[in-house]
Amino acid sequence: MTNAKETIQGLIDANNVVLFMKGTKEAPQCGFSSRVAGVLNFMGVEFSDVNVLEDADIRQGIKDFSDWPTIPQLYVKGEFVGGCDIITEMTLNGELDQMLETQGVPFNKEAAEKIREANA
């Protein structure tokens, strides 16, 4: 059996965008996970969701892996981006768009603008 760190690294390596979250993108189990999944879904970002509630080793392991104490955690092209507050801020100031573009991750720019307009 592989350890949590190997499993997590494998998931991050195998997917362009990974969200470690409580619940799934279709049925988030906490408000913070729901917000980040909602932003990604609304912007049309293809992402893999990992439900940390299904595996205690992954739930603790992702916190150790990133040295970040909270979930959700977003990874893009192998890089840890942040949790709910950081993703929300990056969405509102356009940094998330820039990062996705730079990394070659397709997303709906109009949807990103709508989020910013709605929160202006």
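Just so you know, these numbers come straight off a predicted model, no measurement behind them.

Definitions and limits used
- Residues numbered from 1 in each chain as written.
- Predicted model: local features only at pLDDT ≥ 70, side-chain atom pairs only at ≥ 80, totals over all residues.
- Heavy atoms only, no water.
- Phe/Tyr/Trp six-rings, centres within 6.5 Å; stacked < 30°, edge-to-face > 60°.
- Buried < 20%, exposed > 50% of the residue type's maximum accessible area, 1.4 Å probe, protein only.
- Lys NZ or Arg CZ within 6 Å of the ring centre and 35° of its normal.
- Helix = DSSP H or I, 4+ residues; strand = E, 2+ residues; numbered from the N terminus.
- Contact = heavy atoms within 4.5 Å.
- Core = buried A, V, L, I, M, F, W, Y, C linked by side-chain atoms within 4.5 Å.

(A) Representation of the packing of aromatic side chains in the model. Using the criterion set out here, one finds 4 aromatic pairs in the structure. For the ring pair tyrosine 75 and phenylalanine 80, a centre distance of 5.2 Å and an interplane angle of 45 degrees mean the geometry is tilted. Residue classification places tyrosine 75 among the buried positions, given a relative accessible area of 2%. Cluster of aromatic residues (ring-pair linked, three or more members): Phe20, Phe65, Trp68, Tyr75 and Phe80. A cation over a ring is seen here: lysine 25 above phenylalanine 47, with NZ or CZ 4.4 Å from the ring centre.

(B) Representation of the side chain of arginine 116 in the model. Structurally, arginine 116 can be placed in helix H6 (residues 109-118). A relative accessible area of 15% means that arginine 116 is categorised as buried. Setting aside residues no more than four positions away along its own chain, arginine 116 makes contact with Thr91, Leu92, Gly94 and Asp97.

(C) How the structure looks around the nonpolar core. Formed by 23 residues in total, the largest nonpolar core has its most connected members in Leu19, Met43, Val45, Leu74, Val76, Leu96 and Leu100. Sorting the residues of this core by element identifies strand E1 (17-21), helix H2 (31-42), strand E3 (73-76), helix H4 (84-93), helix H5 (95-103) and H6 as the ones contributing at least two each. When residues of this core are assigned to their parent elements, the largest contribution, 4 residues, is made by H2. When neighbours within four sequence positions are excluded, valine 76 is seen to be in contact with Asn16, Val17, Val81, Met99, Leu100, Gln103 and Val105. Counting 11 residues, the second-largest nonpolar core is a separate cluster that includes Ala4, Val18, Phe20 and Ile71.

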